[in-house]
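Residue strings, one per chain:
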Amino acid sequence: MADRRTPEARPARGPVRPARHGRKVPRAVSVLAALLTVVTAAGVWAYRDLQGNIRSADVDGRIGDDRPPRMSPGSKNILVVGSDSRAGANAEYGRGHTTMHSDTLMVLHLAADREWATVVSFPRDSWVEVPACDRGDGTTSGPHHAKINEAFAIGGTGGEVARAAACAIKTVERNTGLRIDHFMSVDFQGFKGMVNALDGMTVCPTEAIRDERARLDIPAGCQTVRDEDALGYVRARYGVGDGSDLGRIGRQQEFLRALADRAQEKLTSPGAMYGLLESATKSLTTDEALAGIQPLYGLASRLKAIPPGRLTFVTVPNYPRSMDVPSDTANVVWQYPEAAELFTSLARDREVSEEAVAAAGENPLYAGTVRVRVLDGTGTPGLAEEVAGSLRRYGFTIAGTGTAPTAGVGAGTGAGTGTSVTHPAGLARQARALASRLPGAGVAESADAPEGLVTLTLGEGFGGTR
């Protein structure tokens with residue numbers, strides 16, 4: 001039986017203020033918890049009405065069989081998408097866009113013992129590998145590198161949420177190794193409806209925000225926003241701060257936390273809460289197992305029961321891709337080996353520290369500074385060059401390719417794959433960064449390793465890059 005839940009609302013914290021750049025705390029799941037907490041008090045008539053609003057999507061048959069294994073039975077990973085579909089009432093946003101877009105993307109990991117949970121936020125400008133996906137218009141996209149939010153758009157070409165979600169799930173699984181069990185998405189119109197049902201939200205920008213793309217033009221200082229201004233505030237990017245997606249993530253997180261707090265304040269107002277729940281449920285689409293008030297309420301209840309301090313919120317450690325590719329000033333790349341260590345911990349259901357993840361992000365190892373030599377120990381023509389090309393797309397500096405001195409040179413060091421990463425003294429972190437992109441690769445220091453180089457030797461069981 002699937003497990004279902006979402007975070008606890010906190011006491012009111014006053015007006016929304018810009019988040020500190022170094023602390024990015026995704027609170028979208030807090031909103032769901034606050035909304036679902038009041039469902040049981042809404043009455044049978046409201047329950048039946050709201051139950052019919054929630055849409056379900058069958059994604060299981062669209063993801064395929066090439067998926068990460070479940071390394072921790074009992075734990076759950078839920079993909080949460082903030083969708084800005086350009087269909088219907090949303091058509092006025094994003095001129096020139098004809099498909100769905102994911103404005104917010106995160107994974108909620110619920111531990112098998114239900115004693116802790118972690119929410120991982122993915123910057124939408126994350127440069128990742130997007131696998132082949134069914135577009136929903138009779139065509140299939142080819143695997144390529146792009147912003148992570150492009151996956152939802154590719155799958156949603158035909159306007160179907162199930163295919164959009166399936167492509168987003170495949171992309172997250174491909175790049176993290178996490179098995180996704182459920183998904184949920186909320187679109188723009190539902191967000192505006194929730195804010196309006198609460199009579200707007202107070203924001204206090206320290207400078208005027210004028211962002212034509214977000215349809216926002218507001219002065220500095222505290223003010224109440226609703227309708228288009230509320231939506232524009234969380235979408236604004238180019239007219240405030242450093243113009244980065246990371247800055248916008250901070251505003252979204254703080255705004256959503258305040259929204260959850262305001263929802264808690266309105267528990268005694270049936271009219272406001274019904275309007276809030278109606279807007280939320282009408283804009284909510286989930287997989288079939290989560291599609292209902294009862295399963296969603298169960299999810300919220302479990303998360304609200306998690307002990308204080310054990311519901312953590314992290315952002316994948318990352319840095320500007322321009323550090324590896326100077327011409328790319330529009331994207332970020334995940335920081336390795338720290339990103340891989342985060343994903344591995346969650347896949348194995350090991351609790352992570354919010355402070356440790358944040359600290360890891362303060363000292364990035366740029367992939368471009370890692371010089372790699374690729375040697376083929378399998379005898380497969382062109383394999384070393386192919387793998388070198390993949391690693392080059394990840395930002396690594398390729399120092400050369402060749403054939404391993406003896407067949408099977410990496411055997412015994414690669415967890416059954418025969419693939420190994422060797423390094424001289426002082427390059428252990430660089431070697432781990434490379435190995436984290438190669439499932440099953442072993443790492444070892446070698447006195448014979450060339451100075452300044454990390455050597456990848458491909459074994460017979462080599463399973464590709466990640």
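Cut-offs applied
- Residues numbered from 1 in each chain as written.
- Predicted model: local features only at pLDDT ≥ 70, side-chain atom pairs only at ≥ 80, totals over all residues.
- Heavy atoms only, no water.
- Helix = DSSP H or I, 4+ residues; strand = E, 2+ residues; numbered from the N terminus.
- Contact = heavy atoms within 4.5 Å.
- Areas by Shrake-Rupley, 256 points an atom, 1.4 Å probe, with all protein chains shown as cover.
- Pairing = 2+ DSSP bridges.
- Axes fitted to C-alpha atoms, helices over the stretch in contact; angles between N-to-C directions.
- Core = buried A, V, L, I, M, F, W, Y, C linked by side-chain atoms within 4.5 Å.
- Buried < 20%, exposed > 50% of the residue type's maximum accessible area, 1.4 Å probe, protein only.
- Phe/Tyr/Trp six-rings, centres within 6.5 Å; stacked < 30°, edge-to-face > 60°.

Draft legend 1. Region of interest: the overall build of the protein. Summing up its helical and strand segments, the protein has 14 helices and 20 strands in all. For the protein, restricting intrachain contacts to residue pairs at least 6 apart in sequence, the fraction spanning at least 24 positions comes to 72%. Within the structure as shown, the protein displays about 18,900 Å² of accessible surface, and the carbon and sulfur contribution to it stands at 49%.

Draft legend 2. Spatial organisation of the sheet that holds strand E13 (residues 311-315). Across the sheet, which stays open at both edges, the seven strands sit in the order E1-E12-E7-E2-E3-E4-E13 with mixed pairing between neighbours. Of all strands in the sheet, those bounded by a partner on one side alone are strand E1 (55-57) and E13. Strand-to-strand, the axes of this sheet are offset by a mean angle of 20 degrees, without reference to chain direction. Summarising the sheet, E1 and strand E12 (residues 284-287) pair through three bridges and their orientation is parallel. Bridge pairing links Ala57 to Asp287 in E12. Strand contacts of helix H10 (residues 293-304): strand E2 (76-83), strand E3 (102-110), strand E4 (117-121), strand E7 (182-187), E12 and E13, with the helix running at about 65 degrees to E3, the strand carrying the most contacts.

Draft legend 3. Local environment of the pairing of E12. The pairing of E7 with E12 spans three bridges and is classified as antiparallel. Bridge pairing in E12 links Met184 to Thr286.

Draft legend 4. Broad picture of the nonpolar core. Formed by 69 residues in total, the largest nonpolar core has its most connected members in Leu79, Phe122, Leu391 and Leu456. Element by element, the count of residues in this core is highest for helix H5 (residues 161-176), at eight residues. Once residues lying within four places of it in the same chain are set aside, the contact partners of Leu79 are Leu105, Met106, Val107, Ala168, Ile169, Val172, Ile180, His182, Phe183 and Met184. Grouped together as the second largest cluster of nonpolar side chains are 24 residues, Ile218, Leu231, Val234 and Ala280 included.

Draft legend 5. Representation of the packing of aromatic side chains in the model. Applying the stated rule across the entire model yields three aromatic pairs. Between the aromatic rings of Tyr319 and Tyr366, the centroid separation amounts to 4.8 Å while the plane-to-plane angle is 70 degrees, which identifies the pairing as edge-to-face. One end of the pair, Tyr319, is in strand E14 (residues 318-320); the other, Tyr366, is in the loop between helix H12 (354-360) and strand E16 (371-376), and 47 residues separate them in sequence. Put simply, the rings of Phe122, Trp334 and Phe343 pair up and form one aromatic cluster.

Draft legend 6. Representation of the sheet that holds E16 in the model. If you trace the five strands from one edge of the open sheet to the other, you get E17-E16-E20-E18-E19, paired in mixed fashion. Two strands bound the open sheet, and with one partner strand each, they are strand E17 (397-403) and strand E19 (442-445). Strand-to-strand twist of the sheet, defined as the mean angle between neighbouring strand axes without regard to direction, takes the value 20 degrees. Two elements, strand E18 (residues 420-423) and E19, share four bridges in a ladder whose sense is parallel. Counterpart to Val421 in the pairing with E19 is Val443. Against the sheet, helix H14 (residues 428-435) contacts E16, E18, E19 and strand E20 (454-458), and its axis sits at roughly 165 degrees relative to E18.

Draft legend 7. Expanded view of unusual backbone geometry. Here the bond from Tyr336 into Pro337 is cis, since omega is 10 degrees, no more than 30 degrees from zero. On the secondary structure map, Pro337 appears in the loop between strand E15 (332-334) and helix H11 (338-347). Unlike most non-glycine residues, Arg114 shows phi in positive territory, near 60 degrees. Tracing the chain through its elements places Arg114 in the loop between E3 and E4. The buried category is assigned to Arg114, whose relative accessible area is 16%.

Scope: geometric values only; no functional claims are made or implied.
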